[in-house]
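# A look at the structure
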Amino acid sequence: MMKTPFVTLEQVKEITKTYPTPFHLYDEKGIRENARKLNQAFAWNKGFREYFAVKATPNPFLLKILKEEGCGADCSSLTELMLSEAVGLTGHDIMFSSNVTPPEEYKKAYELGAYINLDDYTHIDFLEKLTGIPETIFCRYNPGGVFGMGTDIMDTPGEAKYGFKKNQLLEGFLRLKRMGAKHFGVHSFLASNTVSNDYYPELARILFELAVEIKEKTGISLEYINLSGGIGVPYYPDQKPNDIMVIGEGVREKFEEILVPAGLGNIALFTELGRFMLAPYGCLVARAIHEKHTYREYIGLDACAVDLMRPAMYGAYHHITVLGKENEPCEHFYDVTGSLCENNDKFAVERMLPEINVGDYLVLHDTGAHGYAMGYNYNGKLKHAELLLKEDGSVQLIRRPETPKDYFATFDFCDVLKDIKY
Ligand SMILES: *Cc1c(COP(=O)(O)O)cnc(C)c1O
């Protein structure tokens, strides 16, 4: 199978007349179509809403597009809350998922009227003292142990820092009720980047059965269940993409089977997808600036791990297309690298690709989520621009590249560094 970029060589040549490489490019059309499909897949659930995980791609221009498609925002920090507020997402448009949360972040979330999702039993008293308990409150569940589905999807909630144990959750809801909470929701995130239509239905089964147990043991009827993130995307060309319609239907079956008979058929479902919403609709466009022939064949790009850290951090695979050479045979064995003084700054290791020449444009696929956002300024390298390919084919700069002045802005050392002109 082949992965085709959403931009062509001709388009990239046109874009680079105004905006030089490297840059992240986002595809508005793809983002909107995908968001609409998600909403359609869960349209059977009254109250369904996607809260986009802001950490995946914290750019207000993209948040605004998602807002126009009906999405809210899932935040976990002060600046994520501020970004959401800036695009007009406030109150119950925001889900604030806490973990090791500092007081000022809880305060901001409370002031905005966000749904607050507590990470631990001890946070109940922490929040009570700080702001009081809001009328609607969520708790995050961690079932512990190993989460497996008999496929390659496996994760270890028992080693994860997040969430309440079950007995803490039951006790917690009762305590919250005594403190005045009136509406309750539960949240859980058990596996990341699942390329399988079965993950969400399985997670739903666990949470729906939990809701029934909560009702039986505490008398509390949950009103919200947040399936959080975790629906993945096919980074490799031979992976079969998730079918969101099949996923929505799978969750509906569990809902009818477990919640409806228990008198919990009014529960609203939330999702907090990040990767699924944006990863395929962003790419990193870079140019080959060096080739090197030593113990391996190297192609050096004008982008580096500062722009895309997933390969360096997790050994993650990002497919590469050499623009204009889509149909040439992949007969060259390359390491495709950036310029950091870190040998893990490699976008691809021993990858078969068409012959690459200096000047060629490369597209690194699926960087729309956890791409730009994870970047860092190691080696004093500056982060590059983000561009939006709009539905009408025009291109908008949605974040300018960093300048040395940005990099030096947080200390006041000498005039040489302050009076910088670029
Ligand atoms: C990271 C995160 C998400 C989004 O995860 P994806 O893998 O991008 O779908 C959702 N909810 C919470 C609480 C998260 O931390």
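Shown above is the structure to which this text applies.
Now for a description of the structure that goes with this document. (Residues numbered from 1 in each chain as written. Predicted model: local features only at pLDDT ≥ 70, side-chain atom pairs only at ≥ 80, totals over all residues. Heavy atoms only, no water.)

### Overview of the packing of helix H8 (residues 199–218) against helix H9 (residues 244–259)
Put simply, the rule reads: Lines are fitted to the C-alpha atoms to define the axes, a helix being fitted only along its stretch in contact, and any angle between axes, read from their N-to-C directions, falls within 0 to 180 degrees. Only runs of H or I of at least four residues qualify as helices and only runs of E of at least two qualify as strands under DSSP, and these elements are numbered from the N terminus. Under this scheme an angle from 65 to 115 degrees is roughly perpendicular, one under 35 degrees roughly parallel, and one over 145 degrees roughly antiparallel; angles in between are oblique. Two helices that cross are described as forming a left-handed crossing if the nearer one is turned anticlockwise from the farther one by less than a right angle, and a right-handed crossing if clockwise. Any two residues whose heavy atoms approach within 4.5 Å at even a single point are treated as in contact. Under the grouping applied here, Gly and all other residues not named as nonpolar or charged are polar, the nonpolar ones being Ala, Val, Leu, Ile, Met, Phe, Trp, Tyr, Cys and Pro and the charged ones Asp, Glu, Lys and Arg.
Running from N to C, H8 and H9 cross one another at 20°; their axes reach a closest spacing of 9 Å. By the angle between their axes, H8 is roughly parallel relative to H9. Seen from above, H8 lies across H9 with right-handed handedness. In this structure, H8 uses Tyr-200, Pro-201, Ala-204, Arg-205, Phe-208, Glu-209, Ala-211 and Val-212 to contact H9, whose residues at the interface are Ile-247, Gly-250, Val-251, Lys-254, Phe-255, Ile-258 and Leu-259. Split by residue class, the contact of H8 with H9 holds 11 nonpolar, one polar and three charged.

### What to know about the site of the ligand
Quick note on the threshold: We call a residue near a molecule or strand whenever a single non-hydrogen atom of that residue lies within 4 Å of it. Polar contacts, as used here, are pairs of N or O atoms within 3.5 Å; protein pairs need one atom able to donate a hydrogen and one able to accept it. Residues neighboring in sequence count only if both atoms are side-chain atoms. Only the protein chains shown count as cover for residues, and the accessible areas themselves come from Shrake-Rupley with a 1.4 Å probe. Buriedness for pockets is judged along seven lines, at least five of which must meet protein on both sides within 12 Å for an open set on the 1 Å grid over protein atoms alone, while cavities are sets there where a 1.4 Å probe fits but cannot get out, and lining residues have an atom within 4 Å of a point. If over half the atoms of a molecule are within 2 Å of the grid points of a cavity or pocket, the molecule is regarded as sitting in it.
Lining the immediate surroundings of the ligand are 15 residues, of which Lys-55, Gly-230, Glu-272, Arg-275 and His-370 lie closest. A distance of 3.3 Å separates a nitrogen atom of the ligand from a polar side-chain atom of Asp-74. Its free accessible area being 390 Å², the ligand has 91% of it covered by the protein chains. Cavity membership is defined here by more than half of the atoms lying within 2 Å of grid points; on that basis the ligand lies in the largest pocket. Residues belonging to the shell around the ligand are distributed by class as follows: three nonpolar, seven polar and five charged.

### What to know about the layout of surface pockets
The following threshold applies: Grid points are joined across faces, edges and corners, and a volume is the space filled by probe spheres set on the points. Note that the domain bounds reflect an automated or database-derived domain assignment.
What the largest pocket holds in volume is close to 1,200 Å³. Forming the boundary of the largest pocket are 48 residues, of which Lys-55, Phe-189, Ala-191, Ser-192 and Arg-275 lie nearest the centre. Those elements giving two or more residues to the lining of the largest pocket turn out to be strand S3 (72–75), strand S8 (154–155), helix H10 (275–278) and helix H11 (310–314). Class assignment of the residues belonging to the lining of the largest pocket gives a composition of 20 nonpolar, 17 polar and 11 charged. Composition of the lining of the largest pocket by domain shows at least three residues from each of domain 1 (28–279) and domain 2 (282–408). The computed volume of the second largest pocket comes to approximately 690 Å³.

Just geometry here; none of it tells us what the structure is for.
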